[in-house]
Amino acid sequence: MAITEAKKMTTLQVKRFKPSENPTNNYLTDEKGVWAWMTTVDHKKIGIMYLVAVAFFFALAGFLAIALRTELWTPAKTFIEADTYNQLFTLHGAMMVFFVLVPSIPAALGNFILPMQLGAKDVAFPRLNLASLYIYVAGAIFTFAALASGGFDTGWTFYTPYSSDGNGAGVIWVTLGVFILGFSSILTGTNFITTIHKLRAPGITWDRLPLNIWALYATSIIQVLATPVLAITILLLAFENIMDIGIFDPALGGDPVLFQHFFWFYSHPAVYIMIVPGFGIISEVISTFSKKTVFGYWAIALSSLAIAFIGFLVWGHHMFTSGQSAVATTVFSFLTFLVGIPTGIKIFNWIATLYKGSIDMKTPMLYVFIFLFLFSIGGFTGIMLGALSVDIHLHDTYYVVAHFHYVMMGGTLMALLAGLHYWWPKMTGKMYNETLAKISAVLIFIGFNMTFLPQFVMGSQGMPRRYYNYIDQFTPFHQTSTIGSYILGVAFLIILYYLVKSLFGGEKASSNPWNSRGLEWQSTSPPDFHNFDHTPVVINGPYDYHKPMEEFQLGLAVSHNGHDAEHTSTEVEKTEEKA
Amino acid sequence: MGRLFDFMLPENKSPLTADSTDGLFHFINEVSLIFLIGITFALIYFAFKYKRKSEDDKTPVITHNNTLEITWSVIPLLIVMVIFGWGYSGWLNLKAVPNDAYEIQATGYKWNWNFNYENGAQTLNELHVPKGRPIKVVMQSRDVLHSFFIPDYRVKHDVVPGRYTYVWFQAEETGESIIFCTEYCGTSHSDMLAKVIVHEPEEFEQWLELNGGGIQGSPVEQGEQLVTLQGCQTCHSVDGSEMIGPSFKGIWQREQQLTDGSTVVVDENYIRESILYPGNKVVAGYQNVMSPYEGRLSDDEITNIIEYLKTIN
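Residues numbered from 1 in each chain as written. Chains lettered and ligands numbered in written order. Predicted model: local features only at pLDDT ≥ 70, side-chain atom pairs only at ≥ 80, totals over all residues. Heavy atoms only, no water.

Visitor: So what's going on with the pattern of salt bridges? Which residues, and what values?
Guide: Overall, the coordinates contain 17 salt bridges over all chains when judged by the stated rule. Notably, a salt bridge pairs Lys438 of chain A with Glu434 of chain A, separated by 3.8 Å at the nearest N-O pair. Highlighted residues: Lys438 of chain A and Glu434 of chain A, both in helix 15 (residues 434-460), separated by four residues, approximately one helical turn. Residue classification places Glu434 of chain A among the partly exposed residues on the basis of a relative accessible area of 23%. The partner of Lys310 of chain B in a salt bridge is Glu307 of chain B, and the shortest N-O contact between them spans 3.2 Å. Highlighted residues: Lys310 of chain B and Glu307 of chain B, both in helix 7 (residues 299-310), separated by three residues, approximately one helical turn. Classification of Lys310 of chain B by relative accessible area gives partly exposed; the value is 24%. On the basis of relative accessibility, which here comes to 27%, the residue Glu307 of chain B falls in the partly exposed class. Within the structure, one salt-bridge network assembled from shared partners comprises Asp360 and Lys362 of chain A together with Arg52 and Glu55 of chain B. (Salt bridge = Lys/Arg side-chain N within 4 Å of Asp/Glu carboxyl O. Helix = DSSP H or I, 4+ residues; strand = E, 2+ residues; numbered from the N terminus. Buried < 20%, exposed > 50% of the residue type's maximum accessible area, 1.4 Å probe, protein only.)

Below you can see the structure in the form of structure tokens.
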């Protein structure tokens, strides 16, 4: 295999060229107007639209979080009623999970970056890509319809029989919204898998695939395999609600624990849909800003796949106190520890990448450092929760709340911020204010720990989650946490400010401001409508930082995309013989 | 460090169920802290030591190192296997109720806990137990999922409609401990609190004797005890104040507007129907959140409750 690959490369005739700086024509100027955006099949524009939608929902759900924390300033009522509080935490969770975390990295950043890292013009099914965006919007409309029809207060987990017990028409609307949203996720996954298999530019062999692509590949597999189960579960729930068919409600002869199995069969792998693409971003950023080959390429690539597969077999660890069978509980606990290992391997490999590197602490790298610290805490507390006897004590307390915020916000969201700052110049052609960016990153770090560290303590002391009222001993912890959430809020406003400002008055970005070796940086900033002027031939690996920058020019197949070496034209300037 | 982790946990009042959990909690915290300090130190050290000096810095090509990879895979694997075994054995202990355990029946419903004892004694939101004896609480739910959690004893189990679940513990000192509901169950989920009251064994026997034999007295007195034991006052006030459900004060012969716009005068039949099937005629301005009492109260008991409600003016 390696030999035939090498032969093909030696006969490949390419010419090299540099991307032009400050292009007059790019994907943003190519088609203008609202209609052009709404009907575009360009993966970059679709990615941008996803990004705007995700940012909108993040702002909304984040605002709800601030309201919830404010309510918890005092026990009992601070400014809203219990029923309102219950609806708000449900909405916060459902929006953050389904409308922010799941689509954030794959559908927004992934859509933009994946074809560029593969040297492709677009994803394999551009129209399907646009359809997935519209399906996402349809799901959102249903959720707002749920609010209009009286809201829902079931928690984002929709546990039966509470959710099927006539708690408002809102439940039906929102579950249908999530049902629809799932298709968006499935289509994106299918699209990515096909694109990675079929649209890699000549020269991108599997061992040269950027780790971001490996991560998105693993994510897509989970999306395609797990999401249908959620769809079926929610459909059954709707049947029960509308037609009184007994599936989960014991009053109708159903089994509420069955619902939990179905729900977590999707929702645990969904946790990996949220975090694994973040791993991809971390690998890219850490290599670029330490100017060094990623340590343990295969360990990082394959551990993503390992996590994807083992992640399917651990759902029962959400149910240790539910009354599931003792054998199941034991097996789920055991497998839960196994899934921790590949995650640990990744962290060690990233740290080893820094060794003897040339570390430039720009904003994306700062977020990677924050990620590594916060996500490690998220991981260790996950080990705590995987241990059977300890989980009995900690289950459904604030310890769990703190744990998943360390993983989801300290992990996924920090990775998203790293990726957003890293690719911002490529996406918009503008540089953001580095000083403000660093200040807000530090504020996020402080605010985050202040918000969620106290929650570990009060959780261990017994403070249950989803509590509107609490006993007095927890007051200092809640108040610290609330102040922390305000700091977080301010930090995000600063980010919004300098990012928007950069669009209008920002310094122009060069095509490769970080001197990255990644393929996506070999195009103009912002990229052309078709990403590259010609289908590129990839000569070097994405992490070949030991090679001088001059070598990192695009190879351009002279004819037939490099597949037909005999018929090369005479314009060849230089023949590449590196395999 | 141990003191910090001690601070994180509530007081251990049932060593037989809590010791293993606490030991493992400390162990995982200590191991995690060692790893976290190592990771943080490496991050900070590398960030300074290998800070970029110029854009032309050369970095070595280090693609991988099998010895390192195996080391940092196998050592954590061994550690988590220890944690798994420890957690598993502690959990088996939580499942294995001692043979001589004293049994108490518990029922969870929105938003109260009811406890029933061998001699017919009943309590609402107060679990009386003797010190130094294993207690098994057998639990059921009348409506939705609840979860029975006593932080001081490190025990918790979901309370599931349509099946029995249990927890056991052995309190080693007299006093009170809080019981939380930890499975979200609606409006007053966070007020679904109860407490364990631990007595000296003789004192417990006296208490049991005193409260045994069930409900007695005139119909009105019996009705009042039933209303108290069933926790009706969690949602219905007797002094006219606004709560989750309509107040009992002046309820008799009151004209009520219903959610469908019609009106009804509160009489025996309306009260009976509203206890058995609360969702049939909901008073305007309130939500249908009450659990149906169909099959849970006898006709005589309902009559007594009606007699009592007539007296609240």
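Back to the write-up after that little detour.
Visitor: Which residues make up a positive patch on the surface, and what values do they have?
Guide: A surface patch of positive charge is lined by Lys356 of chain A together with Lys49, Lys51 and Lys53 of chain B. Locating Lys53 of chain B in the fold gives a position in the loop between helix 2 (15-49) and helix 3 (66-95). (Patch = residues over 30% accessible without salt bridge, like charges linked within 9 Å, V, L, I, M, F, W, Y side chains within 5 Å. Areas by Shrake-Rupley, 256 points an atom, 1.4 Å probe, with all protein chains shown as cover. Lys, Arg positive; Asp, Glu negative; His and termini not counted. Charge placed at Lys NZ, Arg CZ, Asp CG, Glu CD.)

Visitor: Before we move on, could you go through the pairing of strand 9 (residues 175-181) of chain B and cite the residues and values that matter?
Guide: Residue and element names in this part refer to chain B. Both strand 6 (residues 146-150) and strand 9 contribute to a ladder of two bridges, which runs antiparallel. Counterpart to Phe148 in the pairing with strand 9 is Cys181. Of the pairings in the sheet, the one linking strand 9 to strand 10 (residues 194-199) comprises five bridges and is antiparallel in character. The residue bridging Gly175 from the neighbouring strand is Val198, located in strand 10. (Pairing = 2+ DSSP bridges.)

Visitor: Could you give me a rundown of the interface of chain B and chain A, with the residues and numbers involved?
Guide: At the junction of the two partners, chain B supplies 75 residues and chain A supplies 87 residues. Carbon and sulfur atoms make up 68% of the surface buried where chain B meets chain A, a total of about 7200 Å² over both sides. On the chain B side of the interface with chain A, the three residues burying the most area are Arg52, Trp91 and Tyr184 of chain B, jointly 11% of the side's total. When the shortest N-O distance is used, the salt bridge between Asp360 of chain A and Arg52 of chain B registers 3.7 Å. Linking chain B with chain A are 27 residue pairs in polar contact (both at pLDDT 80 or more). Those elements that place two or more of their residues in the side of chain B that touches chain A are helix 1 (2-8), helix 2, helix 3, strand 7 (155-159) and strand 9 of chain B. Examining the composition of the side of chain B that touches chain A, we find that 16 residues originate from one element, helix 3 of chain B, more than from any other. (Contact = heavy atoms within 4.5 Å. Buried area = accessible area lost by both parts, 1.4 Å probe. Polar contact = N/O pair within 3.5 Å; in protein donor to acceptor, adjacent residues only side chain to side chain.)

Visitor: Outline the packing of aromatic side chains, supporting the account with residue identities and numerical values.
Guide: All names here are of chain B. Per the stated rule, a full pass over the model turns up 68 aromatic pairs over all chains. Ring centres of Tyr102 and Phe204 lie 5.6 Å apart, and the angle between their planes is 85°; this geometry places the pair in the edge-to-face category. In this pair, Tyr102 sits in strand 1 (residues 102-109) while Phe204 sits in helix 4 (residues 201-211), placing the two residues 102 residues apart along the sequence. Phe204 sits in the buried class, given a relative accessible area of 1%. Ring geometry for Tyr117 and Trp207: centres 5.1 Å apart, planes at 70°, overall edge-to-face. Of this pair, Tyr117 sits in the loop between strand 2 (112-116) and strand 3 (122-124) while Trp207 sits in helix 4; the two residues are 90 residues apart in sequence, bridging distant segments of the chain. (Phe/Tyr/Trp six-rings, centres within 6.5 Å; stacked < 30°, edge-to-face > 60°.)

Visitor: Break down a nonpolar patch on the surface for me, with residues and values.
Guide: Residue and element names in this part refer to chain A. The grouping of Leu235, Phe239, Ile242, Met243 and Ile245 at the surface amounts to a nonpolar patch, some 440 Å² of accessible area in total. Positionally, Ile242 belongs in helix 8 (residues 211-243). Exposure remark for Ile242: the relative accessible area of 55% places this residue in the exposed category.

Visitor: Provide a residue-level description of the nonpolar core, including the pertinent values.
Guide: Phe98 and Phe371 of chain A together with Phe115, Tyr117, Leu127 and Phe148 of chain B are the most contacted members of the largest nonpolar core, which has 249 residues in total. By residue number, the principal contributor to this core is helix 5 (residues 82-118) of chain A, which donates 23 residues. In contact with Phe148 of chain B, other than residues within four places in its own chain, are Trp113, Phe115, Leu127, Val137, Met139, Val155, Lys156, His157, Val159, Val167, Ile179 and Phe180 of chain B. Counting residues in hydrophobic clusters, the runner-up holds 23 residues, among them Cys232, Val264, Ile271 and Leu276 of chain B. (Core = buried A, V, L, I, M, F, W, Y, C linked by side-chain atoms within 4.5 Å.)

Visitor: I'd love a proper account of unusual backbone geometry, names of residues and values included.
Guide: When glycine is set aside, most residues are seen to have a negative phi, and most peptide bonds are trans. Residue and element names in this part refer to chain A. Cis rather than trans, the peptide bond between Thr160 and Pro161 has omega equal to 0°. Following the sequence through the fold, Pro161 ends up in the loop between helix 6 (126-148) and helix 7 (170-198). With omega at -10°, the peptide bond leading from Ser525 into Pro526 counts as cis. When you line up the elements, Pro526 lands in the loop between helix 16 (475-505) and strand 2 (536-537). Even without glycine at this site, Lys291 takes up a positive phi of about 55°. Looking at the element boundaries, Lys291 is found in the loop between helix 9 (256-290) and helix 10 (297-310). Located in the positive-phi region is Lys356, a residue other than glycine, with phi close to 60°. Within the fold, Lys356 resides in the loop between helix 11 (326-354) and helix 12 (363-386). Residue class for Lys356 comes out partly exposed when judged on its relative accessible area of 39%.

All quantities given are derived from atomic positions and should not be read as evidence of function.
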